[in-house]
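Structural description and commentary
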Amino acid sequence: MDQPTSVPASSTARIIDGKAFAAGLRARIAGHVTALKAQGVTPGLAVVLVGEDPASEVYVRNKGIATAEAGMQGFEHKLPADASQETLLELIARLNADPAVHGILVQLPLPGGLDADKVIDAIAPEKDVDGFHVQNVGRLATGMDAMVSCTPLGCLMMLRDQLGDLSGLEAVVVGRSNIVGKPMAQLLLRENCTVTIAHSRTRDLAGVCRRADIVVAAVGRPRMVQGDWIKPGATVIDVGINRIPAPERGEGRVRLVGDVDFDSAVQVAGAITPVPGGVGPMTIACLLANTVIAASRLNGIAPPADLAY
Ligand SMILES: Nc1nc2c(c(=O)[nH]1)N[C@@H](CN(C=O)c1ccc(C(=O)N[C@@H](CCC(=O)O)C(=O)O)cc1)CN2
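Given the structure is predicted, the values throughout are model-derived calculations rather than measurements.

Along its length, the chain carries 10 helices and 11 strands. For 309 residues, the compact-globule formula gives about 19 Å, and the C-alpha radius of gyration of the chain, at 19 Å, lands near that figure. Principal-axis analysis of the C-alpha atoms gives the chain an extent of 55 × 45 × 35 Å. In the chain, the proportion of contacts linking residues at least 24 apart, taken out of those at least 6 apart, comes to 69%. As displayed, the chain has an accessible area near 13800 Å², and 52% of this comes from carbon and sulfur atoms. Taking the average place of the 28 positive charges on the side chains of the chain and the average place of its 32 negative ones, the gap between the two points comes to 3 Å.

This part covers the sheet that holds strand β4 (residues 103-106). Within the open sheet, the three strands sit side by side as β3-β2-β4. Their pairing is parallel. Each edge of the sheet is formed by a strand with only one pairing partner; in this case those strands are β3 (73-79) and β4. Ignoring which end each strand starts from, the neighbouring axes of this sheet average 15° apart. Strand contacts of helix α2 (residues 54-69): β2 (44-50), β3 and β4, with the helix running at about 165° to β2, the strand carrying the most contacts.

Going through the model one piece at a time under the given rule, you end up with seven salt bridges. Its salt-bridge partner being arginine 26, residue glutamate 69 comes within 2.7 Å of it at the nearest N-O pair. Of the two residues, glutamate 69 sits in helix α2 while arginine 26 sits in helix α1 (residues 18-38), which places them 43 residues apart along the sequence. A relative accessible area of 58% places glutamate 69 in the exposed class. Look at arginine 26 and you get partly exposed, because its relative accessible area is 27%. Salt-bridge contacts for aspartate 306 lead to arginine 28; the nearest nitrogen and oxygen are separated by 2.6 Å. Note that aspartate 306 is positioned in the segment after α10 (279-298) and arginine 28 in helix α1, a separation of 278 residues in sequence. Take aspartate 306: its relative accessible area is 33%, and that puts it in the partly exposed class.

The next point concerns the site of the ligand. Contacts to the ligand come from 18 residues, most closely from Lys63, Val106, Asp130, Arg243 and Gly277. A distance of 2.6 Å separates an oxygen atom of the ligand from a polar backbone atom of glycine 277. Glycine 280 places a polar main-chain atom, nitrogen or oxygen, 3.4 Å from an oxygen atom of the ligand. Coverage of the ligand by the protein amounts to 86% of the 680 Å² it exposes when considered alone. Of all elements in the fold, only α2, β4 and α10 reach the threshold of two or more residues within the shell around the ligand. Across the shell around the ligand, the residue classes break down as 11 nonpolar, four polar and three charged. For the shell around the ligand, the domains that each give at least three residues are domain 1 (40-124) and domain 2 (149-281).

This part is about the sheet that holds strand β7 (residues 214-217). As summarised here, the arrangement of the six strands in space is β1-β11-β8-β7-β5-β6, forming an open sheet in which the pairing is parallel. If you trace the sheet from one side to the other, it starts and ends with β1 (14-15) and β6 (194-198), each paired once. Helix α6 (residues 150-163) rests against β1, β7, β8 (235-238) and β11 (271-272) of the sheet, and its axis sits at about 160° to β8.

Bringing the UniProt feature "binding site: NADP(+)" (unreviewed entry) in the chain into the picture now. Per the UniProt record, "binding site: NADP(+)" (unreviewed entry) is annotated on Gly175, Arg176, Ser177 and Ile241. By secondary structure assignment, the location of arginine 176 is in the loop between β5 (170-174) and α7 (181-190). Aside from chain neighbours lying at most four places away, what touches arginine 176 is Gly181, Lys182, Ile197, His199, Ser200 and Arg201. Here isoleucine 241 shows up in the loop between β8 and β9 (242-245).

About the criteria used
Residues numbered from 1 in each chain as written. Predicted model: local features only at pLDDT ≥ 70, side-chain atom pairs only at ≥ 80, totals over all residues. Heavy atoms only, no water. Helix = DSSP H or I, 4+ residues; strand = E, 2+ residues; numbered from the N terminus. Rg over C-alpha atoms; globule rule 2.2 N^0.38 Å. Contact = heavy atoms within 4.5 Å. Areas by Shrake-Rupley, 256 points an atom, 1.4 Å probe, with all protein chains shown as cover. Lys, Arg positive; Asp, Glu negative; His and termini not counted. Charge placed at Lys NZ, Arg CZ, Asp CG, Glu CD. Pairing = 2+ DSSP bridges. Axes fitted to C-alpha atoms, helices over the stretch in contact; angles between N-to-C directions. Salt bridge = Lys/Arg side-chain N within 4 Å of Asp/Glu carboxyl O. Buried < 20%, exposed > 50% of the residue type's maximum accessible area, 1.4 Å probe, protein only. Near = heavy atom within 4 Å. Polar contact = N/O pair within 3.5 Å; in protein donor to acceptor, adjacent residues only side chain to side chain. Nonpolar A, V, L, I, M, F, W, Y, C, P; charged D, E, K, R; others polar. Domains from an automatic or database assignment. UniProt positions renumbered as here; feature names shortened; annotations may be inferred.

In structure tokens, the structure reads:
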């Protein structure tokens, strides 16, 4: 795994250590798992991987390790890249019906030919620990209890830790994906931020970002958000995980960069997440948190207050 981006000597921003933050959250989750086990409930997380995408294989392996470290039961299901939609839907139906499974996650992206929307739609909403099911999306948007998508949830936890009350702050989310941009905007709205969702067709994107106290970059374009787009002192959350060629490391090697040009933004921002070591580790920690929430609710137990959003 790459080392966190080095910080230039003239930096002004606080570097938000997502790895440490996630480790703290995972330790708290392990405590909640122990408490649930004492009540006869062992949270169970099923992760489904279709195909052999190398990055997905790493993420799934890391999810399995984190699940075991938290004291939960992990169920890993691997299907070949040419698995049919029916095979996948049958597996999900079995997991929906399995009382030992409280959370179900299908690793994305799926190989071509499989319809991710139909697959997500088949997951029981109360076991949808990714928060991608339309019922959970709708519940979040209408202010009801919902399973919330892990990456935006992790971003929100870090923002609250940095800034406390977010009420009245100007937040710009760059990117409008269903998985990050839109739920992030909903979460910020729920925190009483004034939220703008910007995207590739936004006019004067730099000017829009420059108004923001909080910038969340989730656009999938390496280092797009420049330091001079950032208001001095703003908090910058970089969701991007882009692999770019790194010939300096050897032929064919790559390195990770975010959607923010870290070296320029760190000179201006008040606080910033690095890539790697920022948002990424929070995604898996929040998956564990959602599994504890799902296991609690499915057993008529109130979810731990510190995990509920
Ligand atoms: N069903 C889902 N699929 C995908 C999700 C998701 O939340 N649900 N998110 C991403 C992949 N992902 C988890 O699945 C994920 C991505 C990145 C990290 C992470 O810790 N990144 C590290 C760097 C790791 C590396 O070297 O590659 C970091 O940023 O520090 C964890 C999980 C897409 N699919």
